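# Descriptive analysis of the structure
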Amino acid sequence: MKAILYTLSSLLFFLSTLHAQQTGSIQGRIVDEKTEKPLSNVNIVLQKTVLGTSTDRDGFYVIVSVPPGSYSLQISMLGYQTKTIPNIVFRSGETTDLNISLTDTPIPMDPIVVTAGKHPQSLSVSTQAIDMVPYTEIIHRQSRTIPEALQRISGVHFNESNISIRGSSGYNVINVGSRVLLMVDGIPVLTSDLGAINWDMLPLIEIDHIEVVKGAGSALYGSSVIGGVINIITRTPSPNGRFQLMATAGIYDQPHYEEWHWTNRTLHYERIDGSYSRQFGPLGIGIHFSRYRTTGYMENNEIDQWNGSGKWVWKISNSSRLDLYVGWNSTKMGWLIQWLSQNDPFEIAPFNKKDEAKFKTWNVYAQYYLALSDRLGLKLRISHLVSQMGSQFTTDDPNAFKPGQGTGWEIQADWIPAGFHHLTFGNEFRWDISGSKYFGDHKGYTISPYLQDEWALLPRLTLICGMRLDRHVLIDEKTETEISPKIGLNMQPFDQSILRMSIGKGFRAATVLERYMKADYSGIHVMPNPDLKPEKSWLFDLGWRQSISSRGLIEVSLFQTEYWDMIEPVINFLGTIQFQNYVRARIRGVEISTDMGFWQNHLELGTQITYMDPKDLARSETLPYRPKWSGNVTGTLSLGPLSFQIEYRYASRVEKVEIHPLDPRVPLKLLYLRGEFKWRNWTLQCAVNNALNYHYAQIERRMGEIRNFSLGVQMELGH
Amino acid sequence: MKTPNRKIRWSIHVSFLTGLILFCFTNCRIDHGLEPLFSKITGRIIYTGDAPRRTDEIRLAAAHDFPPKDINELLFSEQIPYDQDTVDYELYLPQGEYEVIALIWKEKSRSWNISDLIGVYGGSFIGDQLIPTYQPITIPDKQTVLKGIDIQANLNRVNRDATIEGEILFEGAWPEDTGAIGVGAFIEIPEQGNVIDYFFKSIDINYSIPTWVARTAYQLRVHKTDTLEYIAVLWINQDYDLGALKDIGFYRDSLDPSSPGVVIIPEGLDRIENIDIVVDFSETGK
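Rules used throughout
Residues numbered from 1 in each chain as written. Chains lettered and ligands numbered in written order. Predicted model: local features only at pLDDT ≥ 70, side-chain atom pairs only at ≥ 80, totals over all residues. Heavy atoms only, no water. Helix = DSSP H or I, 4+ residues; strand = E, 2+ residues; numbered from the N terminus. Rg over C-alpha atoms; globule rule 2.2 N^0.38 Å. Buried < 20%, exposed > 50% of the residue type's maximum accessible area, 1.4 Å probe, protein only. Contact = heavy atoms within 4.5 Å. Lys, Arg positive; Asp, Glu negative; His and termini not counted. Charge placed at Lys NZ, Arg CZ, Asp CG, Glu CD. Areas by Shrake-Rupley, 256 points an atom, 1.4 Å probe, with all protein chains shown as cover. Pairing = 2+ DSSP bridges. Axes fitted to C-alpha atoms, helices over the stretch in contact; angles between N-to-C directions. Buried area = accessible area lost by both parts, 1.4 Å probe. Salt bridge = Lys/Arg side-chain N within 4 Å of Asp/Glu carboxyl O. Nonpolar A, V, L, I, M, F, W, Y, C, P; charged D, E, K, R; others polar. Polar contact = N/O pair within 3.5 Å; in protein donor to acceptor, adjacent residues only side chain to side chain. 1 Å grid on protein atoms, 1.4 Å probe; cavity = no way out; pocket = protein on both sides within 12 Å on 5 of 7 lines; lining within 4 Å. Points joined across faces, edges and corners; volume = space filled by probe spheres on them. Phe/Tyr/Trp six-rings, centres within 6.5 Å; stacked < 30°, edge-to-face > 60°. Lys NZ or Arg CZ within 6 Å of the ring centre and 35° of its normal. Domains from an automatic or database assignment.

### Considerations on the overall build of chain B
Helices and strands together make up the secondary structure of chain B, namely two helices and 22 strands. Relative to the compact-globule value of 19 Å for 286 residues, chain B shows a C-alpha radius of gyration of 27 Å, a clear excess of over 25%. In terms of overall dimensions, chain B has a C-alpha envelope of 110 × 50 × 30 Å along the principal axes. Residues classed as buried in chain B amount to 48% of the 286 residues present. Contacts spanning at least 24 positions in sequence make up 74% of the contacts within chain B whose residues lie at least 6 apart. Each charge class in chain B can be summarised by its mean position, and for the 26 positive and 43 negative side chains these summaries are 15 Å apart.

And the structure:
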């Protein structure tokens, strides 16, 4: 104990001496190059330090406590080209004045991301494939849900709400055991009982951008990062006050075939999102809400959903900040397993007509950032996630499920001992409670120390290596330990070229439901399997990213993921389902994505193509529910206040399904037409989704969304 | 500021694009993906016997191959009424060849059991015993309607009023590729290797026998009047391939242990116990 106290006091003394050094500072204003209007909320980072800030409502910024020396300043904002200003000299006791202008760009050439290394860094230094969906894109595409917003990313495919990145996942009806980790502001939000993603847990209007890291990444994030990470970054409060309102309403068309017409009702949907945020001195506040309601386009397909959230950002000093967040969601929906028949695909069996599902989620977190010096930063967080399922498996017992509760703590340090090393290390702890009459009561915890070093071997060559240990204890039942290493290289052989390579491990511990579920539902029996082992994967990823002036970029990735002990629901000839470790699989593939601007960026063209070969090596078969080809093409024509967008999405016919292998299957061929008109603070939108009224079933006997027409209006006051 | 020429050029571009899209919409054949089924079979189901109280539902099923590898390889109709003597039905089926069209009974709170056939197109009964004959059908195109696919159905086949109980003892090491274990009661000894014979000659097959255990109790439901010539334990591989089903042990005659023991329910009783079976994996070839 004495040794610990001695070490701590020595460390504090050391830190205080660092703080006591004579320092300099930098300040200035950031404006739009064309309009010369001040830009607020611009990120400014002093490279090779943990120091950084953002501009206030008038575009001003200041960074203090910078030790003397020469530094590079990186300035970034979504919608603008990232700018790096090298060789800024700081002298002790002096303040450097630096005003900067940013050039707008519709194509995010080199944005700042936080998910790749658990700290803000330029996408150009990442060793893994990363994609980003900014808020503006969510709005332009008139997305109603987060999955809709993610659809255009290469390698990302959805089977209903089951996300698959580079073929990581197939399909299961309740999205149990996600192989993709969902995070909100860097905090994991998979449910404690199902290990599932609730895509509706926050209002869309609250999202600043979404980062998608593709491939295994347990070396930083632990369990469930087999396919990748989705990190939803929420917006920081506006410095000068911002009020936003978005409303969308739409109606569904009739099915193309008259034989399938099943109702004379007008089927429709409505969504409204509202948001207000403002800074009051050091305290920024943001509150958001949304309501989504739909009759659905099928029988028993109704959804009634409410969301609310609040975020408080308290800038305690120039070197510390406290973020508090509370999010709430309530969803009630019709529960639809399968259609009545292929000739009545929009109707369900009479005895299923009253089936419904209810979900409630609370997500609370506090994060504290402290820059102890220019080279040492700390992040502390505590979070709590409550997710409750309703009575979807039984109509007579509303208490069949207890709330799944996950409490997390994390301490993370970023230390830059020398200019060419950036060490990220810390420890994460999670405590999970879950209970249900179907799988019993269970408690468990996971303790996970991790370490990562980003080592700039040469000015254009960075080596990243890291490791994480996860000790997962299911109390009185099971203990599992996994070590997940990774290594990556990033090289910039030419000014606008990035070559990256990474090898890393991913794993996922079996969820409580997969181990212990025992239930009978609609003639399907689920049997427990307490002996499930964690599933594991290794990723090999090689990528080339090439910018073509400021007009476009091309990215090509080759990947191979090896899987062991994949946990999959196995259905036997009696309709009995049991989760089993059975698949040794290999998925190889290539992704190509391009973003180009033509005619002074009046016309933007984006294409994404993914080819995969998902092989079940044990059975020499294709893995189920994975299309070999997928992609999309989007063209956007902007003419002053008017813009038009046309998008075509394609996914080849899946070669194998599990539930009804004899059912007819078709490829996915969806066309979207969108229009937008901007007038002052108002934006009017219209869209035709699935314009060709193409009928498809990604999952057997569940018809995909039919043609629908929507109108939307947005109003924004402030920015 | 844009010159008039540039404005005209823009207008031409936009008009051209709009025209092209409209042309495509009006002149191209548009693929609408999935479509309704128009081909179907129709016919009449003629019932004999009474439906058991435990009846959950009865459906018609079509199988490209019989037995199917999986219950989901059957194409099911909607529920068929069973409270009348005859029922006219129609079953929409995609074009193709179907080896068996059968009527399957489902018990309440249990999964579909492919052994619970109560009628087969082209099949017949001797008493309540299903004769293992059936007639395949072919639907040549998307518009074909095949009429007259009539089926004789005997509900007595599943109207079981007695039970057989016993224990199964597993000796030796369980085979690594074990998927499931069943136990069945048969009216005659089925032909080895002929899986279809097992389904037609069974009175009941219970597939919910635990695996990887040393011993377990079992129960089978039969008719009071049955003479059961063969009670056997059935092994199914990890792929749940019913075509590869095989028997690995049977109830033995107490006087001649090399022969199957015959079980007859004594008059006045509806339950018989101690029909124990020993499975020795070292002798089964598994």
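### Quick word on the overall build of chain A
Assigned secondary structure in chain A consists of five helices and 42 strands. Taking 2.2 N^0.38 as the reference for a compact globule, 719 residues should give roughly 27 Å; the C-alpha atoms of chain A span a radius of gyration of 25 Å, in line with that estimate. Along the first, second and third principal axes, the C-alpha atoms of chain A reach 80 × 65 × 45 Å. For chain A, with 719 residues in total, the buried portion stands at 56%. Within chain A, residue pairs in contact and separated by at least 24 positions form 62% of the contacts whose partners lie at least 6 positions apart. Accessible surface for chain A amounts to roughly 28,700 Å². Of this, 60% is attributable to carbon and sulfur atoms.

### Observations concerning the sheet that holds strand β3 (residues 74-79) of chain B
Residues and elements named next belong to chain B. The four strands lie next to each other as β3-β2-β6-β7, forming an open sheet whose pairing is antiparallel. At either end of the open sheet lies a strand with only one pairing partner, and these are β3 and β7 (117-120). Averaged over all neighbouring strand pairs, the angle between strand axes comes to 25°, with direction disregarded. With eight bridges joining them, strand β2 (residues 55-63) and strand β6 (residues 100-107) adopt antiparallel strand pairing. Counted as the bridge partner of Ala63 is Val100 from β6.

### Examining the interface of chain B and chain A
With 34 residues of chain B at the contact, the number on the chain A side is 45 residues. In total, about 3,400 Å² of surface goes out of reach between chain B and chain A, with carbon and sulfur atoms giving 65% of it. Three residues, His32, Leu34 and Asn72 of chain B, lead the burial of chain B against chain A; their summed loss comes to 22% of the area buried on that side. At the junction of chain B and chain A, the tally comes to one salt bridge. Close ionic contact of Asp31 of chain B with Lys669 of chain A constitutes a salt bridge, the shortest N to O distance being 2.8 Å. Counting only elements with at least two residues in the side of chain B that touches chain A, the list comes to α1 (4-27) and β3 of chain B. Of the residues forming the side of chain B that touches chain A, the biggest block, four residues, is contributed by α1 of chain B. Class assignment of the residues belonging to the side of chain B that touches chain A gives a composition of 17 nonpolar, eight polar and nine charged.

### Comments concerning the side chain of Asp197 of chain B
All names here are of chain B. Mapped onto the elements of the fold, Asp197 is located in helix α2 (residues 195-201). A distance of 2.8 Å separates a polar side-chain atom of Asp197 from the backbone nitrogen of Glu191. Reaching out from Asp197, the side chain makes a polar contact with the side chain of Lys201 at a distance of 2.8 Å. Each residue touching Asp197, except ones within four places of it in the same chain, is listed here: Pro132, Pro190 and Glu191.

### Re the sheet that holds strand β14 (residues 178-186) of chain B
By definition, the strands of a sheet pair up through backbone hydrogen bonds, in either a parallel or an antiparallel sense. Residues and elements named next belong to chain B. Across the sheet, four strands lie side by side as β15-β14-β18-β19; this open sheet has antiparallel pairing. Each edge of the open sheet carries a strand with a single partner, namely β15 (202-209) and β19 (246-250). For this sheet, the mean inter-axis angle between neighbouring strands, taken without regard to orientation, is 30°. Looking at chain direction, β14 and β15 are connected through five bridges and run antiparallel. Considered in β15, the bridge of Ile181 is made with Ile209.

### Description of empty space enclosed by the protein
All names here are of chain A. All told, the structure shown has 14 cavities of 30 Å³ or more when counted by the stated rule. Estimates place the volume of the second largest cavity at around 490 Å³. Considering the residues around the second largest cavity, the lining is formed by 32 residues, among which Ser223, Arg430, Asp432, Thr446 and His472 are closest to the centre. When residues of the lining of the second largest cavity are traced back to their parent elements, those giving at least two are β26 (421-436), β27 (440-458), β28 (461-474) and α5 (512-516). Broken down by class, the residue content of the lining of the second largest cavity amounts to nine nonpolar, 15 polar and eight charged.

### Regarding the packing of aromatic side chains
All names here are of chain A. A complete count under the given rule lists 27 aromatic pairs over all chains for this structure. Relative to Trp362, the ring of Trp328 has its centre 6.4 Å away and its plane inclined at 50°; by these criteria the two rings are tilted. Of this pair, Trp328 sits in strand β22 (residues 320-334) while Trp362 sits in strand β23 (residues 356-373); the two residues are 34 residues apart in sequence, bridging distant segments of the chain. Taken together, the aromatic side chains of Trp409, Phe429, Trp431 and Tyr445 make up a single cluster linked through ring pairs. Lying over the aromatic face of Tyr269, Arg144 brings its terminal NZ or CZ to 4.2 Å of the ring centre.

### With respect to the pattern of salt bridges
Residue and element names in this part refer to chain A. In total, this model carries 61 salt bridges over all chains according to the counting rule given. The partner of Glu148 in a salt bridge is Arg144, and the shortest N-O contact between them spans 3.4 Å. Residue class for Glu148 comes out partly exposed when judged on its relative accessible area of 27%. Using a relative accessible area of 5% as the deciding quantity, one classes Arg144 as buried. Salt bridges here are not isolated pairs; linked through shared partners, they connect Asp131, Arg166, Lys214, Arg500, Asp541, Arg545, Glu555 and Glu591.

### A closer look at the domain arrangement of chain B
All names here are of chain B. Once the domains are mapped, chain B shows domain 1 (3-158) and domain 2 (162-284). Using C-alpha coordinates to define each centre, domain 1 is positioned 33 Å away from domain 2. Taken residue by residue, the interface counts 20 residues in domain 1 and 18 residues in domain 2. Buried surface at the junction of domain 1 and domain 2, both sides included, amounts to about 1,600 Å², of which 56% is carbon and sulfur. Contact with domain 2 buries area across many residues of domain 1, yet Lys69, Gln129 and Arg157 alone supply 28% of it, more than any other trio. Joining domain 1 to domain 2, the criterion identifies eight residue pairs in polar contact (both at pLDDT 80 or more). Broken down by secondary-structure element, the contributors of at least two residues to the side of domain 1 that touches domain 2 are β7 and β9 (129-131).

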